[in-house]
Structure formats: structure tokens, C-alpha cells
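Residues per chain are reported as follows:
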Amino acid sequence: MTASDFDKIFSPYDPGDGKVRVRFAPSPTGQLHIGGVRTAIYNWAFARRNGGTFILRIDDTDPERSTEANTRAILDAMKWIGMDWDEGPEVGGPCEPYFQTQRAHIYQAALEKMKANGSVYPCFCSAEELAAKREANQKSAGYTGYDRTCRSLSPEEAQARIDAGESHVWRVKVPEDRGDIVFEDAIYGTCTFHADIMDDFIVMRSDGTPTYNFTTAVDDAIMGITHIIRGDDHLSNTPRQILVYEALGMKVPMFAHLSMILGPDGKRLSKRHGATSVQAFREAGYLPEAMMNYLSLLGWSLDGETTIFSLETLCNSFSIDRISRNPAIFDETKLAWVNSVYIKEMGAKRFVELAAPYLVSAGLTTAEEIESNRGWYEEIYPLVRERIKVMPEVVDAVAFLFRGTEVEFDEKSVAKVLGKEGVPEVIDSIIEVLGDDGLAWNAEAIEEAMRALLEKLGKKPKEVFQVARVALTGSMVSPPLFESIALLSREAVLARLESAKPIAQATFEAKQA
RNA sequence: GUCCCCAUCGUCUAGCGGCCAGGACGGCGCCCUUUCAAGGCGCAAACACGGGUUCGAUUCCCGUUGGGGGCACCA
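Residues numbered from 1 in each chain as written. Chains lettered and ligands numbered in written order. Predicted model: local features only at pLDDT ≥ 70, side-chain atom pairs only at ≥ 80, totals over all residues. Heavy atoms only, no water.

Caption draft 1: Structural view of the protein's contact with RNA strand B. In the vicinity of RNA strand B, 62 residues are found, and the nearest of them are Arg205, Lys267, Glu386, Arg387 and Arg469. Sugar plus phosphate: this is where 72% of the atoms of RNA strand B within 4 Å of the protein reside. With respect to RNA strand B, the side chain of arginine 322 contributes an N or O atom lying 3.5 Å from a sugar or linking oxygen. Mapped by element, the contributors of at least two residues to the surface near RNA strand B are α5 (127–139), β6 (189–194), β11 (328–329), α12 (332–345), α21 (461–473) and α22 (481–487). Among the elements that make up the surface near RNA strand B, the one with the highest residue count is α21 (5 residues). Taken together, the residues of the surface near RNA strand B break down into 23 nonpolar, 18 polar and 21 charged. (Near = heavy atom within 4 Å. Polar contact = N/O pair within 3.5 Å; in protein donor to acceptor, adjacent residues only side chain to side chain. Helix = DSSP H or I, 4+ residues; strand = E, 2+ residues; numbered from the N terminus. Nonpolar A, V, L, I, M, F, W, Y, C, P; charged D, E, K, R; others polar.)

Given below as C-alpha cells:
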């Protein structure tokens with residue numbers, strides 16, 4: 001591989017339509033992080049808004065930590081939340097391959113070109129030496145980067161040491177007369193870094209693998225990326241990458257650096273803040289639309305007023321100039337609220353789909369049972385629709401429906417509601433009403449009959465309905481009473497009422513004593 | 001330590017020289033109501049500080065303070 005080979009390989013991809021080309025380039029060293037998805041969403045939405053191309057590239061140049069399973073998980077998470085990509089793994093594209101580990105020949109060729117034009121030099125300092133120097137520097141005058149020991153080696157001596165098989169890396173030779181490195185950032189505006197304090201950073205490791213700042217710049221250029229939308233943490237890498245672009249004679253794209261997402265304590269969001277990966281939120285029962293909606297709003301605003309919007313709206317209205325410069329604190333309470341909005345809109349069919357795994361794993365029912373009795377399960381939806389913010393909450397909300405003739409009583413509810421005088425008599429009359437064979441077993445008929453009973457007994461709604469609620473559900477907090485009764489079998493209802501009677505009696509007596 | 005970035009209610013934000021500083025989450029109160037929710041109505045809640053520029057600064061400039069990020073043969 002030589003410098004001229006590089007020129008053959010290196011013809012930046014350009015479809016010639018002047019359209020936007022953006023990329024999301026995760027490294028598969030773990031799950032897809034919240035900050036990562038947000039970056040992906042902004043890239044994706046930006047491409048969709050402008051009729052451009054969204055590219056997914058896997059930056060897997062860290063062999064120690066990159067795994068195929070992680071790559072898989074990232075692709076799944078991207079799809080789950082609602083994104084698709086025009087080029088990348090699974091779909092291919094004109095710039096294949098989209099895995100950096102498969103692009104070694106390209107980086108090698110780029111290095112040859114840089115060797116040929118003198119923009120890199122070999123460095124023989126060992127990692128230990130460098131670490132020692134760094135430590136010493138940091139203690140005294142403050143760290144200022146590599147001391148450029150090997151930069152002054154004569155080409156002959158350097159070549160001789162390479163030929164002798166001495167271990168070495170390749171460093172970029174920051175031009176002496178470079179002056180300030182200035183670039184445009186669509187979010188921060190003009191950014192300036194002083195080249196004279198820039199480090200001669202490593203581009204190729206001693207084991208022959210390229211480093212991030214090198215591969216990223218090379219690939220972004222070759223793939224014809226027009227806008228690099230990425231995390232703020234890369235801001236100070238940008239001048240390094242610009243040096244690579246310049247050494248290779250490549251065009252510098254537009255940048256857009258996103259501020260970080262912080263945890264509730266104002267520190268960078270990390271594992272110690274709890275769930276931070278898309279998959280974790282998925283498992284916690286959040287809906288993809290809610291994640292997409294909430295994350296879009298974390299650092300971007302549609303108009304300052306609208307908080308709930310569809311994927312389509314996002315794609316039709318996303319713009320970089322409405323991205324905020326402030327770091328944003330991730331607020332799970334608001335995420336939960338957004339989620340509850342989508343739960344209210346999702347419909348009974350999808351509800352059963354999503355609730356099923358939680359009901360099954362809680363041991364309340366089985367997948368087969370749900371399959372053969374879908375209609376009944378769909379009727380649960382209206383009962384919980386406005387009462388749960390995340391899917392797992394469905395378990396506690398409706399567990400009482402699955403206990404047959406048994407009731408799991410909440411002590412406080414029993415004491416407060418069933419312990420009053422005359423409750424057993426009230427229960428008796430409820431049994432009489434609900435035990436009537438002529439009563440149609442649906443919420444409307446049940447409500448009508450129960451209200452008639454109210455009239456007959458001359459009691460307030462609370463005095464009868466709360467008794468029924470606790471007797472049937474075990475708790476003074478439950479979904480709507482008549483709908484709940486209708487979902488239980490008449491046998492179960494009567495049995496539960498019967499067994500509540502002695503409990504009411506005993507509670508009352510205990511109170512008297 | 002050093003370089004870079006940021007600064008409006010508790011939180012996410014609107015604002016791009018003149019606004020009673022708007023919306024949303026959360027909080028609180030009232031209404032509705034058989035519980036819990038949902039819903040409706042309402043309340044409290046912010047321009048970090050100090051200098052300039054200007055007839056006029058939340059908005060522009062400079063400091064201070066506070067916060068964040070980078071400074072690896074990680075990405």
C-alpha cells in the first residue's frame with residue numbers, strides 16, 4: 001500500500017446532489033447510551049428533514065472492548081426507538097464496509113500519504129516513558145502534551161530504527177506555522193484553538209492499528225459527510241481531526257457539537273445515576289415513541305410550546321438552529337409523564353401486547369391464556385389507561401382480577417372501611433343485588449343495580465361502594481368499581497363478598513375492645 | 001493545573017434591545033368524583049453577580065462566580 005494507492009482509494013464519496021450526509025458512529029463497547037441515542041436522533045432527524053442520507057458506521061477500533069453482541073444491541077435499540085439508516089450494517093451502501101475494523105487498508109493508505117508529504121513522524125518513546133513524563137509534567141508546570149522528543153530525529157536515523165524492528169507509533173507533526181485552528185460550529189459558532197499548544201497526537205499505534213481521531217477524520221471525509229453532529233466531548237478533538245483533513249488535502253465539513261446530558265446531580269450522566277441505556281428504559285416499560293419524543297426535547301425545541309409530537313412532525317421540523325447550548329439534566333419524571341401520554345393513546349390491542357410480558361412474569365397468567373382470551377384482556381385497558389405511567393405498573397393495578405375467589409387484603413383499607421358498624425349487613429345486601437340471576441353481568445347494569453341499592457338503604461355512595469371495593473379488591477384504591485366487577489366472574493365476586501363478611505365483623509369487634 | 005464550552009422558574013425550555021419574561025414537567029390549591037387517577041381552573045416559582053455599550057438591557061461587550069467537557073498507543 002503506497003501513497004498513490006491512497007489517492008485511488010480516496011475519492012470522497014459525492015452523490016453530486018448537494019444533499020446532506022450525516023452519520024452516527026457508535027463504538028460497540030457497551031449498550032446504546034441515552035446521550036448516544038439523542039445524538040443519533042438529531043442526526044437522523046436532520047437527514048430526514050433535509051432529504052439527506054443518514055449513515056450508521058460502527059467505530060469498533062478498540063478491539064479490547066468492542067463486541068458483536070454490543071453491535072447487535074445497538075442496531076436493535078436504534079430500530080426499536082424508530083430510526084432507520086440509509087447506509088450501514090445490514091443495508092450496505094456505496095461506502096462499504098461500515099465497520100472500521102474492516103477498513104484497515106484505507107487507514108494504512110492514508111498513513112502512507114501522510115508519510116510521503118511529511119505530515120507524520122515515527123515516535124519510539126515507550127508508553128511507560130510517556131506516562132512517566134506526563135506525570136512529572138502534571139505535577140510541575142501542568143501537562144502540555146508530548147514533548148516531541150522524536151520529532152527532531154533525522155529521517156535516516158528514524159528509518160534505521162524502524163528497519164531494526166524498533167517498536168514505534170506514528171504521530172502527526174503539528175505545523176509550526178499553522179496559527180490558530182478555526183472552524184465553524186453550527187451550534188457554538190466560530191471556535192478557535194491555538195495550534196501552538198496542540199499535541200503531536202498519535203495516529204497509528206505500535207501494533208499497527210489506527211486511533212480514533214485518525215479513523216474518524218479519514219472516514220468522515222471519504223464517506224462525504226457534510227455535517228458532523230456529535231457530542232460536546234469531541235469539541236477538543238475537532239482541531240486534531242482538522243489537522244488530519246488538512247494533511248490529507250480533504251475538505252473540512254460543518255460541525256455541530258451537542259452539549260452533554262447530565263444526571264440529576266448535575267454531573268455527567270453515568271451508570272451511577274441508574275438506567276442509562278436505551279435497553280434499560282425499554283425493559284423498564286417505556287414506549288419507544290415516548291423515548292423519542294422526550295429525548296428530542298432534551299436540548300432541542302420545536303417552538304417552545306409543543307411538548308408532544310409525532311415522529312413525522314420531528315422529521316418535518318427539526319433544525320440545528322433550535323438546538324440549545326446548555327447541558328440538560330435528564331429528568332425521568334418528565335419522561336414518565338410523556339410515557340403516560342402515549343399510554344393513553346396506544347389502544348387496547350397494543351396494550352395487551354405490551355402488558356402481556358409483565359403479567360406473565362408476575363405469575364398472574366400465561367401467554368396461552370392471554371392468547372385465547374384476548375377480548376377480556378383488552379377490556380382491562382380502559383381501567384388502567386389513565387392510571388399507569390410505565391407498563392410494569394399494570395401488574396399492581398390489576399392483580400386483584402387474577403386471584404379467583406381470593407382477596408389480598410390491605411390492612412389499612414380493611415381497618416378504615418370494613419371495620420365500621422353495620423358493614424356485614426351492607427355486604428349482605430350487595431350480595432343480594434349481585435347474586436340476582438336476572439342481573440346482566442356488565443358494568444352499566446351493575447352500576448344501575450348498585451345505585452338502586454343506595455336508594456333503598458338510604459346510604460351515601462361512599463358507604464356502600466367503598467365497602468364493595470375493599471371487599472372485592474382488598475384495597476381502598478382500585479380501578480373503577482363497576483367495570484372491575486364486570487371483569488370478575490359472578491362466582492368470584494360472591495365468594496369474595498362472603499369471605500369479607502367475617503373479616504369485617506372481626507375488625508369491628510377488635511376496634512370495640 | 002491547563003485549554004475549551006456553557007449560564008432564564010426545582011427541571012426541560014421560548015425569548016434573538018422596548019414582553020405584565022411565555023409554555024411543559026413537578027409542587028400547591030379549588031372544581032369534578034364511590035377510591036385512585038384522568039380532566040378543568042387557578043397559584044407560587046427564573047433572567048447568577050459586577051462593570052460597561054445604549055434613550056433603553058434577559059438580550060450586545062468585558063470581568064467575577066458557578067457548572068460542564070477535553071488534556072491516553074479509549075472512543
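Caption draft 2: Spatial organisation of the packing of helix α19 (residues 423–434) against helix α20 (residues 443–457). Relative orientation of the contacting elements α19 and α20 amounts to 140 degrees, with a least axis distance of 10 Å. Considered as vectors, α19 and α20 are oriented oblique to each other. You can see that α19 and α20 cross each other, and the crossing is right-handed. Where α19 abuts α20, its residues Ser429, Ile430, Glu432, Val433 and Leu434 lie against Ile446, Ala449, Met450, Leu453, Lys456 and Leu457. Counted by class, the contact of α19 with α20 contains 8 nonpolar, 1 polar and 2 charged residues. (Axes fitted to C-alpha atoms, helices over the stretch in contact; angles between N-to-C directions. Parallel < 35°, antiparallel > 145°, perpendicular 65-115°, else oblique. Left-handed = near helix turned anticlockwise from the far one by under 90°. Contact = heavy atoms within 4.5 Å.)

Caption draft 3: Region of interest: the packing of aromatic side chains. The full count for this structure, using the stated rule, is 13 aromatic pairs. Taking the centre distance of 4.9 Å and the plane angle of 85 degrees together, the rings of tryptophan 376 and tyrosine 377 count as edge-to-face. On the basis of relative accessible area, tyrosine 377 is assigned to the buried category, the value being 2%. Here tryptophan 376 and phenylalanine 402 contribute two aromatic rings whose centre-to-centre distance is 5.6 Å and whose plane-to-plane angle is 90 degrees, an arrangement assigned as edge-to-face. Pair noted here: tryptophan 376 is in helix α15 (residues 374–378) and phenylalanine 402 is in the loop between α17 (393–398) and α18 (411–418), with a separation of 26 residues, a long-range link. Residue classification places tryptophan 376 among the buried positions, given a relative accessible area of 18%. Taken together, Tyr42, Trp300, Phe309 and Phe318 form an aromatic cluster joined through their ring pairs. The ring of phenylalanine 124 carries arginine 161 above its face, with NZ or CZ at 4.3 Å from the centroid. We note arginine 171 situated over the ring of tyrosine 146; from NZ or CZ to the ring centre the distance is 3.6 Å. (Phe/Tyr/Trp six-rings, centres within 6.5 Å; stacked < 30°, edge-to-face > 60°. Buried < 20%, exposed > 50% of the residue type's maximum accessible area, 1.4 Å probe, protein only. Lys NZ or Arg CZ within 6 Å of the ring centre and 35° of its normal.)

Caption draft 4: Seen up close, the layout of surface pockets. There is about 1,100 Å³ of room inside the largest pocket. Contributions of two or more residues to the lining of the largest pocket are made by β1 (21–24), α2 (34–49), α7 (212–222) and β8 (227–231). Here the element with the most residues in the lining of the largest pocket is α2; it accounts for 4 residues. Across the lining of the largest pocket, the residue classes break down as 10 nonpolar, 16 polar and 9 charged. Roughly 500 Å³ of volume is contained in the second largest pocket. Contributing to the lining of the second largest pocket are 27 residues, with Leu130, Arg134, Arg171, Asp199 and Ile202 lying nearest its centre. (1 Å grid on protein atoms, 1.4 Å probe; cavity = no way out; pocket = protein on both sides within 12 Å on 5 of 7 lines; lining within 4 Å. Points joined across faces, edges and corners; volume = space filled by probe spheres on them.)

Caption draft 5: Fine view of empty space enclosed by the protein. Tallied over the full model, the rule gives 1 cavity of 30 Å³ or more. Reported here for the largest cavity is a volume of approximately 30 Å³. Forming the walls of the largest cavity are Phe351, Val352, Ala355, Ala356, Leu359, Ile370, Tyr377 and Ile380. When residues in the lining of the largest cavity are grouped by element, the largest group, 5 residues, is from helix α13 (residues 348–361). Of the residues belonging to the lining of the largest cavity, the class tally is 8 nonpolar, no polar and no charged.

Caption draft 6: Broad picture of the nonpolar core. Met78, Leu295, Phe330, Phe351, Ile380, Val394 and Leu434 are the most contacted members of the largest nonpolar core, which has 114 residues in total. Top element by residues in this core is α2. It accounts for 9 residues. Those residues in contact with leucine 295, other than ones at most four positions away along the chain, are Ile34, Val37, Arg38, Ile41, Tyr42, Ile81 and Phe330. (Core = buried A, V, L, I, M, F, W, Y, C linked by side-chain atoms within 4.5 Å.)

Caption draft 7: The side chain of threonine 365, seen in detail. Its place among the elements puts threonine 365 in the loop between α13 and α14 (367–372). Reaching out from threonine 365, the side chain makes a polar contact with the side chain of tyrosine 377 at a distance of 2.8 Å. Those residues in contact with threonine 365 that lie beyond four places of it in its chain are Leu359, Val360, Ile370, Tyr377 and Phe402.

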